[in-house]
Amino acid sequence: MSRVRVHRVAILRSFADFLDDIGAPWESGFRRAGLPIMALEDVRNYVPSSRFLSFVTEMACREGIGQLGYHVGRWKGANSLEPRLAEELGRAPTLLQGILKFCEFANKIVTGSRIELFQPSTDRRAFFCHRPSCSDTHPAIAQIGWFGLTTMMGVVREFAGPGWQPSEIGLISDVVPERMIRDEYPNTRFRLAQGHSYLAIETEMLCLPPLGLKRSAAASLSRTHDLYAGDFAGSLKRLLRSYILDYRLTMEFAAELC
């Protein structure tokens, strides 16, 4: 039996924090989507992917934030996936190693998502690629696609600086980005209707060291992230921990989550 499709609570909290910062009623959005507010107390736990995606889609529509995923990823950068993740990535000796570390972590905390670095031998560029967890026809695809891209942008900027912009951005959607986004990346080419989202990075940049080595007492990823088990029972157990304080847990409720 396959595992339950889940998203890490740290990602959910990034959206909740942004909505709270702009004064949007995210708590009511949680209730409508069937998400447990108490889950935000522990970013290491998980919520059902379907409920997370419903929450993102509905809040973007209700609050009139057409690019909610873009704004959340841009606001938190690499920390969108884990508090202080940018600090941990800053320990990597080069951008290449930082990206590889980010990919390894990101691919373990969302069911069905895939982030990787592709370096074709015939191109002087590398491609930082993201395949979202939802299908191309899912209402949340634009939000999650942009959330992934801006989070990945934050990773690169830990090494290339806050002003770095990619020469090319690939989008799964066939919709031209809003003027606000195009104005922010005036020298970037946007390619629509791609098989995955991506950022084009000049290969010589992969040797860049971090802007500043962070040496605080932050724990390493190997200790801070509690990854869900790869089987059905293990993933359901991790999922139920998020609901234990807000809901009465029954067999019927567990079946509904699945």
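Just so we're clear, the structure is a prediction, and the values are computed from it rather than from any experiment. (Residues numbered from 1 in each chain as written. Predicted model: local features only at pLDDT ≥ 70, side-chain atom pairs only at ≥ 80, totals over all residues. Heavy atoms only, no water.)

### With respect to the sheet that holds strand S5 (residues 168-170)
Cut-off, in case you're wondering: Any two strands between which DSSP finds at least two bridges are classified as paired. Under the scheme used here, helices are H or I runs from DSSP no shorter than 4 residues and strands are E runs no shorter than 2 residues, and both carry numbers assigned from the N terminus. For every element, the axis is a line fit to its C-alpha atoms; helices are fit only across the contacting stretch, and the angle between N-to-C directions ranges from 0 to 180 degrees. For this analysis, residues touch if any pair of their heavy atoms sits within 4.5 Å.
Across the sheet, which stays open at both edges, the five strands sit in the order S3-S4-S7-S5-S6 with mixed pairing between neighbours. A strand with exactly one partner marks an edge of an open sheet, and here the two such strands are strand S3 (114-118) and strand S6 (189-191). If you compare each strand with its neighbour and ignore which way they point, the axes differ by 15° on average. When S5 meets strand S7 (residues 197-202), the two strands line up antiparallel, connected through two bridges. Paired with glycine 170 across the two strands is tyrosine 198, which belongs to S7. Against the sheet, helix H6 (residues 95-106) makes contact with S3, strand S4 (125-131) and S7, and its axis sits at roughly 155° relative to S3, the strand it touches most. Sheet strands in contact with helix H7 (residues 141-160) are S3, S4, S5, S6 and S7, and its direction is about 140° off that of S4.

### As for the packing of helix H4 (residues 68-76) against H7
Two quantities define a packed helix pair, namely the angle between the helix axes and the distance between the axes. Put simply, the test is: Every angle not falling under 35 degrees, over 145, or within 65 to 115 is termed oblique; those three ranges are roughly parallel, roughly antiparallel and roughly perpendicular. Note on convention: near helix rotated counterclockwise from far helix by under a right angle means a left-handed crossing. Clockwise means right-handed. Each residue is assigned to one class: nonpolar for Ala, Val, Leu, Ile, Met, Phe, Trp, Tyr, Cys and Pro, charged for Asp, Glu, Lys and Arg, and polar for all the others, Gly among them.
Look at H4 against H7: their axes get within 7 Å of each other, and the N-to-C directions meet at 20°. Classified by the angle their axes make, H4 and H7 are roughly parallel. As for the relative orientation of H4 and H7, their crossing is right-handed in sense. Contact residues: H4 offers Leu68, Gly69, Tyr70, Val72, Gly73 and Arg74, while H7 offers Gln143, Trp146, Phe147, Thr150 and Thr151. The class makeup of the residues in the contact of H4 with H7 is five nonpolar, five polar and one charged.

### Notes on the packing of aromatic side chains
We apply this condition: Pairing of aromatic rings covers Phe, Tyr and the six-membered ring of Trp, with a centre-to-centre limit of 6.5 Å; geometry is then stacked below 30 degrees between planes, edge-to-face above 60, and tilted otherwise. When a residue's accessible area, from a 1.4 Å probe over protein chains only, is under 20% of the maximum for its type it is buried; when over 50% it is exposed; and in between it is partly exposed.
Throughout the structure, instances matching the rule amount to eight aromatic pairs. Ring geometry for phenylalanine 15 and phenylalanine 52: centres 5.5 Å apart, planes at 80°, overall edge-to-face. Taken together, the residues phenylalanine 15 in helix H1 (residues 9-21) and phenylalanine 52 in helix H3 (residues 49-62) connect sequence positions 37 residues apart. Where tryptophan 26 meets phenylalanine 30, the ring centres are 5.0 Å apart and the plane angle is 70°; that geometry is what we call edge-to-face. Of this pair, tryptophan 26 and phenylalanine 30 both sit in helix H2 (residues 26-33), four residues apart, which is roughly one turn of the helix. Accessibility expressed as a relative area gives 10% for tryptophan 26, which makes it buried. Connected via pairs of aromatic rings, a cluster forms that spans Phe15, Phe52 and Phe147.

### Comments concerning the pairing of S7
A regular strand places its side chains so that they alternate between the two faces of the sheet. Counted residue by residue, S7 has five buried out of six residues, so it is predominantly covered. Here S4 pairs with S7 via six bridges, running antiparallel. Across the sheet, the residue bridging to cysteine 129 is tyrosine 198, located in S7.

### Re the pattern of salt bridges
How we decide: The salt bridge definition used is simple: a Lys or Arg side-chain nitrogen within 4 Å of an Asp or Glu carboxyl oxygen.
Counting across every chain of the model gives 16 salt bridges. The partner of glutamate 58 in a salt bridge is arginine 62, and the shortest N-O contact between them spans 3.5 Å. Linking glutamate 58 with arginine 62, this pair stays in helix H3, spanning four residues, or about one helical turn. Looking at glutamate 58, the relative accessible area reads 22%, which means it is partly exposed. Here the salt bridges share partners, and the residues they tie into one network are Asp123, Arg125, Glu168 and Arg189.

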